[in-house]
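Here is what each chain is made of, one letter per residue.
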Amino acid sequence: MRNGSVQHRPFFKVLVANRGEIALRVMRSARQLGLGVIAVYSDADRDALHVRQADQAVRIGEALPAQSYLNIPAIIAAAKVSGADAVHPGYGFLAENEDFAQACKEAGLVFIGPSPQAIEAMGNKAGAKEIMKKAGVPCVPGYQGADQGDEVMLAEARKIGFPVMIKAVAGGGGRGMRLVNDAASFADALRSARSEANAAFGDPTVILERAIQNPRHIEIQVFGDSHGNAIHLGERDCSVQRRHQKLIEEAPSPAVTPALRAKMGEVAVAAVKALRYEGAGTLEFLLDASGEFYFMEMNTRLQVEHPVTEAITGLDLVELQLRVARGEPLPVKQQDIKFSGHAIEVRLCSEDAAQDFMPQSGRMACWQVPDSVRVEHALQSGAEIPPFYDSMIAKVISHGATREEARGRLIVGLEQLTAFGVTTNQAFLMSCLRHPGFAGGEATTAFIGAHRDELLAPANAAFDTALAGLLLYVTNPQAPSWRSGRSLAATFPLPAKVEIAGHPHELEITRERDGGYIVAADGRQDKFEIDQLDPDAIRFRHDGVMDSAKFLRDGGRLYLQHRGIPLAVTDLTLAAPKAAASNGGDGKVRAAMNGRVVAVLVKPGDRVAAGQPVMTLEAMKMEHVHKAGIDGVVAAIDVAEGEQVTTGRIVAEIGAG
């Protein structure tokens, strides 16, 4: 058993054992309390914003998390060499690692979080469920035994009854989690979950749970201190998820009544007191349609979605963490906590929603955030988004007197945000927020799966194609000036070809006598009159309506954002035809993203069918299966397990046979 006490003493310099937006978020509150802040970084983050904004920064290793942000000795050494006397773990990485908390204690550092004993007790999903059962908290039926053998796990899954959920005992964020609908697919899902969990948390152990169909995901924010005080700060509804990872969170939940809130809060506070828990924590529950709730797990750390709780309570949760870690009593009692209005947060991720949320990495050519909403980020124009870490690059949070007001403000904020250069889920988030199901407060964890096609449907595809063609034409250095106004004759139609979201479009662009432009594309004609053309924005008239769009021209690439919907457009007018299909139709399997090979599932000489998995890559902490594009025989495997590959690289070759 770990030492159960939390070390309290004054501290003056805080090392943030994390990266990106959460590192900057912690630094902000620490500085408001007069504390110095120290960053750590991997080789991939050498020029990152959190590094440059800290008072000091220390390199802790190479790019992969296991060699840097999960490297406990390197982080402890960084704290010592920089003179830190406290460590804040942020979330993810080592935030729920009892070994890290213990190592900090043994090094004489104040760990800003609960004791190693509390982390060990509640950070392990299997142990946490046993503790909750003894406390009388309802739990999801399942298996959390020590015997992790494949045959035992399958037998236990059959006992529980399919569908079952495989979950990593360590960590969270949907990693190491798989929904399995039948026995036939269990073995592969188990292997994949273990591999992903081991890569993300260094522990392949999993538990099994009965899959509760279409629940809401409700979590209760709790705080405890060293003086025996414990409070809850209400609930957050985190039901809108993809790949078992949260995308939209809100507080309060549209489904939680005051009576249910009091009941869930009472259960959560009782658990905190029983554990003598100190610091921030979250108890996560599944809420079914009948109003019954089941404990899932406790996160012994700050949550990604903590800003929505801050918005409706007026409290700074990171400041509370720092004060509790110094041994101060919580400055508020349960009866003092008031909830004001409604808050919603979305997670802006570097991923392609249309390609099964495939992670994206690369250079963010242009990054601009609005002032109308809260945006937590660590980006700037020109920043590199590496392939080694989580795909979440920013959080956008709105607050309003009502839920509808908060929803409207968030949509406007997303429309004003600009992210050019790397594909993000910006448009998908707006589709979710605008959907009648979400607007009506009806979303469960099945929301995205049930409405995926309509959520992905482009809003103004034909018009935006025409606008893209116009912009490519008028921003071409050889194009006639758009200011030339009326001319004696119209120009001949100029043919063009563009590619948007993988689809080619043929266009014709004509300059008219009155100075306007006619763009023919996708079976329609659009007339534009340009009022103003700046290096990064255009103002134009279309159908008698004045409108505008932002853009960035980068050679043959155009990034365009109209009414909040971003597009990446490639000019194919002078491009040579593509020789081989990138979808594997030529027998070559290509990496769909920058990533690391974690499993080679076939060997040369094996006969495979089209659609059969041949290789698994890991990118941004998630696994992605690559499949054969044709029937045939594996001619070559061009990579090895553990190898880092770039997007488009050939990883396997399949010949006819």
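Summary of the structure given here. Computed from a predicted structure; not experimentally measured.

## With respect to helix α5 (residues 116-123)
When α5 is considered as a whole, its buried residues turn out to be Pro116, Ala118, Ile119, Met122 and Gly123. Take α5 and look down its axis: the buried residues cluster within an arc of 160°, on one side only.

## Thoughts on the pairing of strand β36 (residues 622-627)
Direction of pairing for strand β35 (residues 613-619) relative to β36: antiparallel, over a ladder of six bridges. Opposite glutamate 618, over in β36, you have glutamate 623 as the bridge partner. Linking β35 back to β36 in an antiparallel pair, the connection comprises two residues, with methionine 620 at a positive phi of about 50°.

## Digging into the side chain of histidine 217
Along the chain, histidine 217 turns up in strand β10 (residues 216-224). Classification of histidine 217 as buried rests on a relative accessible area of 7%. A polar side-chain atom of histidine 217 sits 2.8 Å from a polar atom in the side chain of glutamate 284. Those residues in contact with histidine 217 that lie beyond four places of it in its chain are Arg236, Asp237, Cys238, Ser239, Gln241, Lys246, Glu284, Phe285, Met296 and Thr445.

## A closer look at the packing of aromatic side chains
Following the criterion strictly, the structure yields 14 aromatic pairs and no others. Ring geometry for phenylalanine 528 and phenylalanine 540: centres 5.7 Å apart, planes at 70°, overall edge-to-face. Of this pair, phenylalanine 528 sits in strand β27 (residues 524-533) while phenylalanine 540 sits in strand β28 (residues 537-542), placing them twelve residues apart in sequence. Each of the two residues, phenylalanine 528 as well as phenylalanine 540, counts as buried. Cluster of aromatic residues (ring-pair linked, three or more members): Tyr69, Phe93, Phe388 and Tyr389.

## So, the packing of helix α13 (residues 426-434) against helix α15 (residues 447-456)
α15 packs onto α13 with a crossing angle of 110° between their chain directions and a minimal axis gap of 10 Å. With respect to α15, the axis of α13 lies roughly perpendicular. The interaxial crossing formed by α13 with α15 has right-handed handedness. Contacts between α13 and α15 involve Phe428, Ser431 and Cys432 on the former and, on the latter, Phe447, Ile448, Leu455 and Leu456.

## Comments concerning the pattern of salt bridges
Close approach of charged atoms allows side chains of opposite charge to pair. Under the defined criterion, the tally for this structure stands at 46 salt bridges. The partner of glutamate 623 in a salt bridge is arginine 191, and the shortest N-O contact between them spans 3.8 Å. Here arginine 191 lies in helix α8 (residues 186-201) and glutamate 623 lies in strand β36, a separation of 432 residues in the sequence. One connected set of salt bridges, linked through shared partners, spans Glu219, Arg236, Lys246, Glu249, Glu284, Glu305 and Arg347.

## Description of the nonpolar core
By size, the foremost hydrophobic cluster in this structure holds 74 residues, and its most contacted members are Phe11, Ile248 and Leu433. Apart from the residues within four sequence positions on either side, phenylalanine 11 is in contact with Leu35, Asp85, Ala86, Val110, Ile112, Leu322, Ala325 and Arg326. One finds Tyr69, Ile72, Ile76 and Ala101 within the second-largest nonpolar core, a separate group that totals 31 residues.

## Concerning the sheet that holds strand β25 (residues 503-511)
Read around the barrel, eight strands follow the order β24-β25-β26-β27-β28-β29-β30-β31 and close on themselves; strand pairing throughout is antiparallel. For this sheet the average axis-to-axis angle between neighbouring strands, irrespective of direction, equals 35°. Bridge count for strand β24 (residues 494-500) against strand β31 (residues 565-571) is three bridges, and the pairing is antiparallel. Each residue of the ladder has a partner; that of valine 498, found in β31, is aspartate 571. The sheet contacts of helix α16 (residues 461-474) involve β24, β25, β26 (517-521), β27, β28, β29 (545-554), β30 (557-562) and β31, and relative to β27 the element is tilted by about 50°.

About the criteria used
Residues numbered from 1 in each chain as written. Predicted model: local features only at pLDDT ≥ 70, side-chain atom pairs only at ≥ 80, totals over all residues. Heavy atoms only, no water. Buried < 20%, exposed > 50% of the residue type's maximum accessible area, 1.4 Å probe, protein only. Helix = DSSP H or I, 4+ residues; strand = E, 2+ residues; numbered from the N terminus. Arc of directions from axis to C-beta. Pairing = 2+ DSSP bridges. Polar contact = N/O pair within 3.5 Å; in protein donor to acceptor, adjacent residues only side chain to side chain. Contact = heavy atoms within 4.5 Å. Phe/Tyr/Trp six-rings, centres within 6.5 Å; stacked < 30°, edge-to-face > 60°. Axes fitted to C-alpha atoms, helices over the stretch in contact; angles between N-to-C directions. Parallel < 35°, antiparallel > 145°, perpendicular 65-115°, else oblique. Left-handed = near helix turned anticlockwise from the far one by under 90°. Salt bridge = Lys/Arg side-chain N within 4 Å of Asp/Glu carboxyl O. Core = buried A, V, L, I, M, F, W, Y, C linked by side-chain atoms within 4.5 Å.

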